[in-house]
Amino acid sequence: MSVLRIFRENRKVDYSLRISNTNEVFIEVKKTGVDLEKHQEQLLDYSFRQGVELAILTNGTTWWFYLPTKKGDWKSRKFYTIDIIQQESHDIAQKFIDLLSKANVQTGKTLKHAEEIYKGR
């Protein structure tokens, strides 16, 4: 898996997790304390247009996970939140493995896991 910075329309997606030159996950990183609400539409719109099925918006302490190609408004596409201050470190580490490990991204387990969380919320 490679990580690439993607530039778009005078803006950039901070990171793209790629398998075989295909964008699989977009990650947009903001400064600690930044209100993520103001940035989700931009990330999700670009992810949707690029066909990227998993997008993440973070300010370092809060991580919002989205399925951009789902129907509905932007907020309804958010399926999981990690708060590294409030949640147990073991639970956080496991979610990062489940959703971002190279093996899971490659095999499609990431999206299956994300779909299960989305349906169960």
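Every value quoted in this text rests on a predicted model; they were computed, and no experiment measured them.

**Some points on unusual backbone geometry**
- The phi torsion at Ser20 lies on the positive side, around 50 degrees, for a residue other than glycine.
- Inspection of the secondary structure assignment puts Ser20 in the loop between β2 (11-19) and β3 (22-29).
- With phi around 60 degrees, Asn21 is a residue other than glycine that occupies positive phi space.
- You can see Asn21 is positioned in the loop between β2 and β3.

**Some remarks on the environment of Lys102**
- With respect to the helices and strands, the residue Lys102 is situated in helix α3 (residues 102-107).
- A relative accessible area of 41% means that Lys102 is categorised as partly exposed.
- Between the C-alpha atom of Lys102 and that of Leu17, which follows or precedes it by 85 residues, the distance is 8.8 Å.

**A few points about the pairing of strand β5 (residues 62-66)**
- Burial of β5 is extensive: 5 of the 5 residues sit out of reach of the surface.
- Going residue by residue along β5, you find Thr62, Trp64 and Tyr66 tucked away on one face and Trp63 and Phe65 tucked away on the opposite face as well.
- Pairing geometry for strand β4 (residues 54-58) and β5, over 4 bridges, is antiparallel. Paired with Ile56 across the strands is Phe65, a residue of β5.
- What sits between the antiparallel neighbours β4 and β5 is a turn of 3 residues, in which Gly60 has the positive phi angle 95 degrees.
- Pairing analysis gives 5 bridges linking β5 to strand β6 (residues 78-83), with the strands arranged antiparallel. Looking across to β6, one finds that Phe65 is bridged to Tyr80.

**Topic: the packing of aromatic side chains**
- A complete count under the given rule lists 5 aromatic pairs for this structure.
- Taking 5.4 Å as the distance between ring centres and 10 degrees as the angle between the ring planes, the aromatic pair formed by Phe26 and Tyr46 counts as stacked. Note that Phe26 is positioned in strand β3 and Tyr46 in helix α1 (residues 40-50), a separation of 20 residues in sequence. For the pair Phe26 and Tyr46, a shared accessibility class is recorded, and that class is buried.
- A network of ring pairs unites the aromatic residues Trp63, Phe65, Phe79, Tyr80 and Phe96 as a single cluster.
- For the cation-ring pair, Lys78 lies above Trp64, with the distance from its terminal atom to the ring centre recorded as 3.6 Å.
- Cation over ring: Lys95 sits above Tyr80, and NZ or CZ is 5.2 Å from the ring centre.

**Considerations on the environment of Val52**
- Note that Val52 resides in the loop between α1 and β4.
- Sequence separation between Val52 and Thr69 is 17 residues, and the spatial gap between their C-alpha atoms is 7.5 Å.

**With respect to the packing of helix α2 (residues 89-100) against helix α4 (residues 109-120)**
- Interaxial distance between α2 and α4 falls to 7 Å at its minimum, and their mutual angle equals 120 degrees. In terms of orientation, α2 and α4 fall into the oblique class. For the pair formed by α2 and α4, the contact residues are Lys95, Asp98, Leu99 and Leu100 on the first element and Thr110, His113, Ala114 and Ile117 on the second.
- Each residue belonging to the contact of α2 with α4 can be placed in one class, and the counts come to 4 nonpolar, 2 polar and 2 charged.

Criteria and thresholds
Residues numbered from 1 in each chain as written. Predicted model: local features only at pLDDT ≥ 70, side-chain atom pairs only at ≥ 80, totals over all residues. Heavy atoms only, no water. Helix = DSSP H or I, 4+ residues; strand = E, 2+ residues; numbered from the N terminus. Buried < 20%, exposed > 50% of the residue type's maximum accessible area, 1.4 Å probe, protein only. Pairing = 2+ DSSP bridges. Phe/Tyr/Trp six-rings, centres within 6.5 Å; stacked < 30°, edge-to-face > 60°. Lys NZ or Arg CZ within 6 Å of the ring centre and 35° of its normal. Axes fitted to C-alpha atoms, helices over the stretch in contact; angles between N-to-C directions. Parallel < 35°, antiparallel > 145°, perpendicular 65-115°, else oblique. Contact = heavy atoms within 4.5 Å. Nonpolar A, V, L, I, M, F, W, Y, C, P; charged D, E, K, R; others polar.

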